[in-house]
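What follows is the residue order along each chain.
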Amino acid sequence: MSAEGSFFDVVVVGGGHAGCEAASAAARMGAKTCLVTLDTGTVGALSCNPAIGGIGKGQLTREIDALGGLQARITDQAAVHYRMLNTSKGEAVQSLRAQVDKDIYARSMQKRLVATPGLTLVAGSVEDLQVSGGRVEAVLLADGSRITAARVILTNGTFLRALMHTGESTAEGGRIGEGAVTGLSVALERLGFESGRLKTGTPPRLDFESIDLSRTTIQHPDQEPDGFSAFLPPPRRDWMVCWITRTNDATHEVIRKNLHRSPMYSGVIEGIGPRYCPSIEDKVVRFPNRDGHTVHLEREGIDSRSVYVNGISTSLPADAQEELVRQIPGLEKARFLRHGYAVEYDFFPPHQIRKTFESRAVNGLYLAGQICGTSGYEEAAAQGFLAGVNAALNLADGPPFILRRDEAYMGVLADDLVRCDPREPYRMFTSRAEYRLMLRHDNADLRLHDHARSLGLLTEAELERVLQEKEKVQSTLETLRRIRIGGKDLLSILRRPGATFDEVEAASPEVAGLSLDERIRERVRVDARYETYIERQLEEVRRLKDLEEWCFADGFDFDKVPGLRGEAREKLVRLRPLTLGDARRIAGVSPADLSLLMVFLSGEKHRRKELG
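So, the overall build of the protein chain
Here is step 1: The secondary structure content of the protein chain amounts to 20 helices and 22 strands.
Here is step 2: Taken against the 2.2 N^0.38 rule, which gives 25 Å for 612 residues, the C-alpha radius of gyration of the protein chain at 25 Å falls within 12% of a compact globule.
Here is step 3: Based on the C-alpha atoms only, the size of the protein chain along its principal axes is roughly 75 × 65 × 50 Å.
Here is step 4: When burial is assessed residue by residue, the protein chain has 59% of its 612 residues classed as buried.
Here is step 5: Considering only intrachain contacts with a sequence separation of at least 6, the fraction spanning at least 24 residues in the protein chain is 73%.
Here is step 6: As presented, the protein chain carries roughly 24,700 Å² of accessible surface, and 50% of it is formed by carbon and sulfur atoms.
Here is step 7: Charged side chains in the protein chain number 81 positive and 86 negative. The centres of these two groups are separated by 3 Å.

What about the packing of helix α2 (residues 57-67) against helix α9 (residues 377-395)?
Here is step 1: One way to put it is that α2 packs onto α9 with a least axis distance of 9 Å and a crossing angle of 30°. By the criterion of interaxial angle, the relationship of α2 to α9 is roughly parallel. Taken as a pair, α2 and α9 cross one another with a handedness that is left-handed. Taking contact as the criterion, the partners of Lys57, Leu60, Thr61, Ile64 and Leu67 in α2 are, on α9, Glu378, Glu379, Ala381, Ala382 and Phe385.
Here is step 2: Classifying every residue of the contact of α2 with α9 gives six nonpolar, one polar and three charged.

Regarding the packing of α2 against helix α3 (residues 71-78)
Here is step 1: Between α2 and α3, the least distance of the axes is 7 Å, while the angle of their chain directions is 110°. Comparing the axis directions of α2 and α3 gives the class roughly perpendicular. Contact residues: α2 offers Thr61, Ile64 and Asp65, while α3 offers Gln71, Ala72 and Arg73.
Here is step 2: Here the residues of the contact of α2 with α3 sort into two nonpolar, two polar and two charged.

Observations regarding unusual backbone geometry
Here is step 1: In this model, Arg161 sits at a positive phi of 45°, which is unusual for a non-glycine residue.
Here is step 2: Within the fold, Arg161 resides in the loop between β9 (146-154) and β10 (163-166).
Here is step 3: Unusually for a residue other than glycine, Asp397 sits at a positive phi of about 60°.
Here is step 4: Counting through the fold element by element, Asp397 comes out in the loop between α9 and α10 (409-418).
Here is step 5: Judged by relative accessible area, Asp397 falls into the exposed class, the value being 73%.

A short note on the packing of aromatic side chains
Here is step 1: Under the criterion given, the structure shown has eight aromatic pairs.
Here is step 2: Summarising the aromatic geometry, the rings of Tyr82 and Trp239 are spaced 5.4 Å apart at their centres and angled 85° between planes, so their arrangement reads as edge-to-face. Taken together, the residues span a long stretch of sequence, with Tyr82 in strand β4 (residues 79-85) and Trp239 in the loop between β14 (217-219) and β15 (242-246) at a distance of 157 residues.
Here is step 3: By relative accessible area, which is 0% here, Tyr82 ends up buried.
Here is step 4: Look at Phe556 and Phe600: their rings are 6.0 Å apart centre to centre, the planes differ by 80°, and that puts the pair in the edge-to-face class. With a gap of 44 residues between them, Phe556 in the loop between α17 (518-548) and α18 (566-575) and Phe600 in helix α20 (residues 591-604) connect regions that are remote in the sequence.
Here is step 5: Through a chain of ring-to-ring contacts, three or more aromatic side chains come together here, namely Phe552, Phe556, Phe558 and Phe600.

Observations regarding the pattern of salt bridges
Here is step 1: Scanning the model with the defined rule gives 57 salt bridges in all.
Here is step 2: We note a salt bridge from Asp319 to Arg261, for which the minimum N-O separation is 3.0 Å. Of this pair, Asp319 sits in helix α8 (residues 318-325) while Arg261 sits in the loop between α6 (249-257) and α7 (280-286), and the two are 58 residues apart along the sequence.
Here is step 3: Judged by relative accessible area, which is 42%, Asp319 ranks as partly exposed.

What about the sheet that holds strand β11 (residues 169-172)?
Here is step 1: Spatially, β11-β10-β19-β12 is the arrangement adopted by the four strands of the open sheet, whose pairing is antiparallel. In this open sheet, the two edge strands, each paired with only one partner strand, are β11 and β12 (196-202). Here the strands of the sheet are splayed against their neighbours by 25° on average, with no regard to which way each runs.
Here is step 2: Strand direction decides the pairing type here: β10 and strand β19 (residues 341-347), joined by three bridges, are antiparallel. Pairing of Leu163 across the sheet is with Glu344, part of β19.

Re α2
Here is step 1: Counting buried residues in α2 gives eleven out of eleven residues, a clear majority hidden from the surface.
Here is step 2: Here α2 has its buried residues at Lys57, Gly58, Gln59, Leu60, Thr61, Arg62, Glu63, Ile64, Asp65, Ala66 and Leu67.
Here is step 3: Where α2 ends, the next residue or the one after it, Gly68, has phi of about 110°, a positive value.

Notes on the domain arrangement of the protein chain
Here is step 1: When cut into domains, the protein chain gives domain 1 (7-203 + 345-455), domain 2 (205-343), domain 3 (460-547) and domain 4 (549-603).
Here is step 2: For domain 1 versus domain 2, the separation of C-alpha centres amounts to 25 Å.
Here is step 3: On the domain 2 side, the residues contacting the 59 residues of domain 1 number 55 residues.
Here is step 4: Surface buried jointly by domain 1 and domain 2 totals about 4,700 Å² across both partners, of which 56% is contributed by carbon and sulfur atoms.
Here is step 5: Of all residues in domain 1, the largest losses of buried area upon contact with domain 2 belong to His165, Lys199 and Pro203, amounting jointly to 17% of the total for that side.
Here is step 6: In this assembly, domain 1 and domain 2 are joined by three salt bridges.
Here is step 7: A salt bridge links Glu298 to Arg97, with the shortest nitrogen-to-oxygen separation between them at 3.2 Å.
Here is step 8: In this assembly, domain 1 and domain 2 are joined by 27 residue pairs in polar contact (both at pLDDT 80 or more).

Some points on α9
Here is step 1: The end-to-end C-alpha separation of α9 is 27 Å, in line with the 27 Å expected for 19 residues at 1.5 Å each.
Here is step 2: Extensive coverage of α9 is indicated by the burial of 17 of its 19 residues.
Here is step 3: Trailing α9 by a residue or two, Asp397 shows a phi angle of about 60°, which is positive.

Description of the sheet that holds strand β13 (residues 205-207)
Here is step 1: With antiparallel pairing, the six strands of this open sheet are ordered in space as β14-β15-β16-β17-β13-β18. On the outer flanks of this sheet lie β14 and β18 (336-338), each paired with one strand and no other. Between one strand axis and the next, the sheet turns through 35° on average, direction left out of account.
Here is step 2: Here four bridges tie β15 to strand β16 (residues 294-299), and the two strands are oriented antiparallel to one another. Bridging across to β16, Trp243 finds its partner in Leu297.

A look at the nonpolar core
Where a protein is soluble and globular, its nonpolar side chains tend to be buried together.
Here is step 1: Ranked by internal contacts, the top residues of the largest apolar core, which has 145 residues, are Val11, Val152, Met410 and Leu597.
Here is step 2: Discounting chain neighbours no more than four positions away, the residues touching Val11 are Cys34, Val36, Val139, Ile147, Thr148, Ala149, Arg151, Val152 and Ile153.
Here is step 3: Counting 22 residues, the second-largest nonpolar core is a separate cluster that includes Leu206, Phe208, Val325 and Ile328.

The rules behind these values
- Residues numbered from 1 in each chain as written.
- Predicted model: local features only at pLDDT ≥ 70, side-chain atom pairs only at ≥ 80, totals over all residues.
- Heavy atoms only, no water.
- Helix = DSSP H or I, 4+ residues; strand = E, 2+ residues; numbered from the N terminus.
- Rg over C-alpha atoms; globule rule 2.2 N^0.38 Å.
- Buried < 20%, exposed > 50% of the residue type's maximum accessible area, 1.4 Å probe, protein only.
- Contact = heavy atoms within 4.5 Å.
- Areas by Shrake-Rupley, 256 points an atom, 1.4 Å probe, with all protein chains shown as cover.
- Lys, Arg positive; Asp, Glu negative; His and termini not counted.
- Charge placed at Lys NZ, Arg CZ, Asp CG, Glu CD.
- Axes fitted to C-alpha atoms, helices over the stretch in contact; angles between N-to-C directions.
- Parallel < 35°, antiparallel > 145°, perpendicular 65-115°, else oblique.
- Left-handed = near helix turned anticlockwise from the far one by under 90°.
- Nonpolar A, V, L, I, M, F, W, Y, C, P; charged D, E, K, R; others polar.
- Phe/Tyr/Trp six-rings, centres within 6.5 Å; stacked < 30°, edge-to-face > 60°.
- Salt bridge = Lys/Arg side-chain N within 4 Å of Asp/Glu carboxyl O.
- Pairing = 2+ DSSP bridges.
- Domains from an automatic or database assignment.
- Buried area = accessible area lost by both parts, 1.4 Å probe.
- Polar contact = N/O pair within 3.5 Å; in protein donor to acceptor, adjacent residues only side chain to side chain.
- Expected span 1.5 Å × (residues − 1).
- Core = buried A, V, L, I, M, F, W, Y, C linked by side-chain atoms within 4.5 Å.

Take a look at the structure:
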């Protein structure tokens, strides 16, 4: 439909994972919202791999769910294969990953958004912004129409001045079958935004019926997964399997002899790709002594013949792709449904946004997703959710919603982005979260319950369910701490390596009489295991909290602080931290620099208790 001449509280540009979460959150918080996207039929599409979650990413998805977002619920509706990753390690670094049916996922997301009161979907290309007095007022579409908006959230993904590369062939577009957005980058640069170029890639899609599965290894899913959402019943259905194969010397030789034809190595592509999700060309060049690389074969849907060849993202010419694929066991007679390609696109370094995702240069303008230099569906969804929430809160003159690093991976993500200067797409890992013992995948709903209640995006029944579980876990821990057997309390017994809840129930009729379900039993066991370590982390949080209360006023002039080292001054001016705590986490700012900043703030009386 057309929204020409309409006024909206919030206009969201882009229908990817960031845009879906932003539009849904803003509308459900009472803002009259419009989602503008190139094609409403591709809203919620998974552009690359048919999966949600993974190391660090699964935590983000569960946190979005805990606060009332969509990604986890849609994933559980569309999932065909679940696996808990890192099960040989502790729960603090375990993460859930789900392979999904791409068509079901997109249809489910579209159905959810269409049914959202106060949300309008519009097909169109936003090419310009209207800004007056430093505040955004409207978006201008390619067809000449104008949509007035109090707040605008840009979630353009990989479409800004996007180019798709396959060998020597180049075409405009951010995804096969869709075009590029050219004017918006120019508009942002005209407003003073700094831009850069990044690239991402995708592997070939093969016809399932052409693959010799007898030459591959089956990868079975977890048989009784909990799923991602804390508010849906555990998913139970007939799961799909995946298959594993491997590249070899013959594969690598094909790549080496065609390397000069790859746009990444011929100088055609300027943007830098993700270090942790490299193309097969990168793998062969960076690891010349490896005799092979793992390849996962993942069907893109229950009824789909398309197989996603996870592990060989490539932009080599089509003939080279076909030659290298047919050297891989099981793929000797593979038929191509689509060749792999790389996408090069504009992004806007995130030091230009606040932790609310509002831009520093233009009031009311928010940026979220790959436009901020990140990679991945989960990172995008988390940013979109936070941007949508903050845009709605800002409209109502409410306080900003900012999660701390010790509260959520979403807080780590927001904090990292505003103080980093990415030269490659940012990806979440458990290693980025220094408080990961507290921020586990299994406790997202419990630790974010109070924030969820304040946002109002969960039903009262959902909030009450989480509160009851939270209280049940705490009361059970207190019971275990109180009951002693042979001089030791049951909690210390449960902490022993390999201990199970069955053992403490067998040792105490009182505990057995609690009749706890398996979900609560497991939560208690994990909390008991980590309790001592978490107490140490909480002490560190309290010790560093004072630094977060020393705040820099908007527009604070770091050049006025005498004695700062050149590197520290340059980083502070560029990244503009909000607090001394933010400054402490910037690479290149030393303890001596922090002391100078504290002395200066004391003299200037800039210390405040609230960020405001």
